[in-house]
Amino acid sequence: MPHDLSAPAIDARRRRLIGAMTLTAATALVTQANRAQATTPARALPFGALKQIDAGVLSIGYAELGPITGTPVLLLHGWPYDIHAFAEVGPRLAAAGYRVIVPHLRGYGSTRFLSANTPRNGQQMALAADGLALMDALGLRQAIVAGFDWGARTADIMAALWPERCKALVSVSGYLIGSQQTNKAPLSPKAELAWWYQFYFATERGREGYAANTHAFAKLIWQLASPQWKFDDPTFERSAASLDNPDHVDITIHNYRWRLGVADGERRYDDLERRLAAGPTIGVPTITMEGDANGAPHPEPAVYSKKFTGKYAHRLITGGIGHNLPQEAPSAFAQAVIDVDRF
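Now for a description of the structure that goes with this document.

Thoughts on the environment of H248
With respect to the secondary-structure elements, H248 resides in helix α11 (residues 248-260). On the basis of relative accessible area, H248 is assigned to the buried category, the value being 0%. Sequence separation between H248 and T214 is 34 residues; the distance between their C-alpha atoms is 9.4 Å. A polar side-chain atom of H248 sits 3.1 Å from the main-chain carbonyl oxygen of G107.

If you want it as structure tokens, here you go:
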């Protein structure tokens, strides 16, 4: 059989074609990998697998980081955020040797009511009772409590009513304990405007609107409360998924209606709410914090500084930091926890 002189040329063309196809495929894989690398950090759960524990009326979903022998730190998020507000704070504290507990509040993430008959109550004492019940369930005699928004109010109440359980406190926007009686007093027009969503939620239109547009509503609050924070969509959606909890709308609506006195709380909390209405002082070591660009309603430090009767410091965090201070300035927040532990 005569030798085919065209074979080497054909083989060369085949090798070039295969090489080009391989290069194209490799380039596509690299491109996909780069895209994944660019988006994964915002989407991935930084805490590992969440845990569940029965505590009080709830099965609470929570993240846990750091050595079990470390000083416990309870990190409490606000509305409409979730545990990812502490996505960078938690690992920092764990690396410093703390045992970090980051729970989903009632109405968020994997936290669920144990009974369908339990009132979907969002009043301030109910959330504080959840925090204490979680500590009991985990066998924590004492913890540093730290938070922002609803979480700061919860931490404030725990420190005020159960100081023996709170080693120290970090509270964004300071002293947030309130009462229905205090909330009856009208504010200035500018201050009332800042609370527009509270009045919206007092109506059935508001309930239906929030239920129908929960994610869009939450994103607007993020933007208004932190006007200089340039969060991306994956970062928002990672937290917004927690708002799909079946009790989230009920808890949110009840929280704001209770504040205005247009919804009742649970009778079992009446005595404790009366104590809170008197504005109890907080004697545990405390650091309060505020961002220089907080667009959400918040009191001035001079208004509440005397409420903290133990060792106390206030820190203003600059650089366009808004309402979600732990996520916008995680290093500063983590450092406050470490520093208040040394007071």
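Considerations on a nonpolar patch on the surface
Together, W196, L220 and L224 line one region of the surface with nonpolar side chains, adding up to about 240 Å² of accessible area. Mapped onto the fold, W196 is located in helix α7 (residues 196-201).

As for the nonpolar core
Membership of the largest hydrophobic core comes to 94 residues, with the highest contact counts inside it found for L75, W79, L93, M158, M289 and F333. Considering every element that reaches this core, the biggest residue donor is helix α3 (residues 124-138), with 9 residues. For M289, the contacting residues outside a window of four places in its chain are V170, S171, V172, S173, G174, H314, R315, I317, L325, A332, F333 and A336.

Concerning the side chain of R259
When you line up the elements, R259 lands in helix α11. No salt bridge is formed by the buried R259; the nearest opposite charge belongs to D149, separated by 5.7 Å.

Notes on α3
Since there are 3.6 residues in each turn of an α-helix, residues three or four apart along the chain are aligned in direction. The end-to-end C-alpha distance of α3, which contains 15 residues, comes to 22 Å, matching closely the 21 Å that a straight helix rising 1.5 Å per residue would cover. Of all 15 residues in α3, 12 are buried; the element is thus mostly enclosed. Among the residues of α3, those classed as buried are Q124, M125, A126, L127, A128, D130, G131, L132, A133, L134, M135 and L138. Among the residues trailing α3, G139 stands out with phi positive, at a value near 75°.

Points about the pattern of salt bridges
For the coordinates displayed, the defined rule picks out 15 salt bridges. Taking the shortest distance from any N to any O, the salt bridge between R268 and E266 comes out at 3.2 Å. Taken together, the shared-partner salt bridges in this structure form one network comprising E204, R207, D250 and R257.

Focus: the pairing of strand β3 (residues 72-76)
Summarising burial for β3: 5 of the 5 residues are buried, a large majority. Neither face of β3 is open: one carries P72, L74 and L76, the other V73 and L75, and all of them are buried. As defined by bridge partners, β3 adjoins strand β4 (residues 99-103) across 3 bridges and the pair is classed as parallel. Paired with P72 across the two strands is R99, which belongs to β4. After leaving β3, the chain enters helix α2 (residues 89-95) and then returns to the sheet as β4, a path that is right-handed. Note: β3 against strand β6 (residues 143-147), 4 bridges, orientation parallel.

What counts and what doesn't
- Residues numbered from 1 in each chain as written.
- Predicted model: local features only at pLDDT ≥ 70, side-chain atom pairs only at ≥ 80, totals over all residues.
- Heavy atoms only, no water.
- Helix = DSSP H or I, 4+ residues; strand = E, 2+ residues; numbered from the N terminus.
- Buried < 20%, exposed > 50% of the residue type's maximum accessible area, 1.4 Å probe, protein only.
- Polar contact = N/O pair within 3.5 Å; in protein donor to acceptor, adjacent residues only side chain to side chain.
- Patch = residues over 30% accessible without salt bridge, like charges linked within 9 Å, V, L, I, M, F, W, Y side chains within 5 Å.
- Areas by Shrake-Rupley, 256 points an atom, 1.4 Å probe, with all protein chains shown as cover.
- Salt bridge = Lys/Arg side-chain N within 4 Å of Asp/Glu carboxyl O.
- Core = buried A, V, L, I, M, F, W, Y, C linked by side-chain atoms within 4.5 Å.
- Contact = heavy atoms within 4.5 Å.
- Lys, Arg positive; Asp, Glu negative; His and termini not counted.
- Expected span 1.5 Å × (residues − 1).
- Pairing = 2+ DSSP bridges.
- Right-handed = clockwise from strand over helix to strand, strands pointing away.

Worth remembering: the numbers are spatial, not functional.
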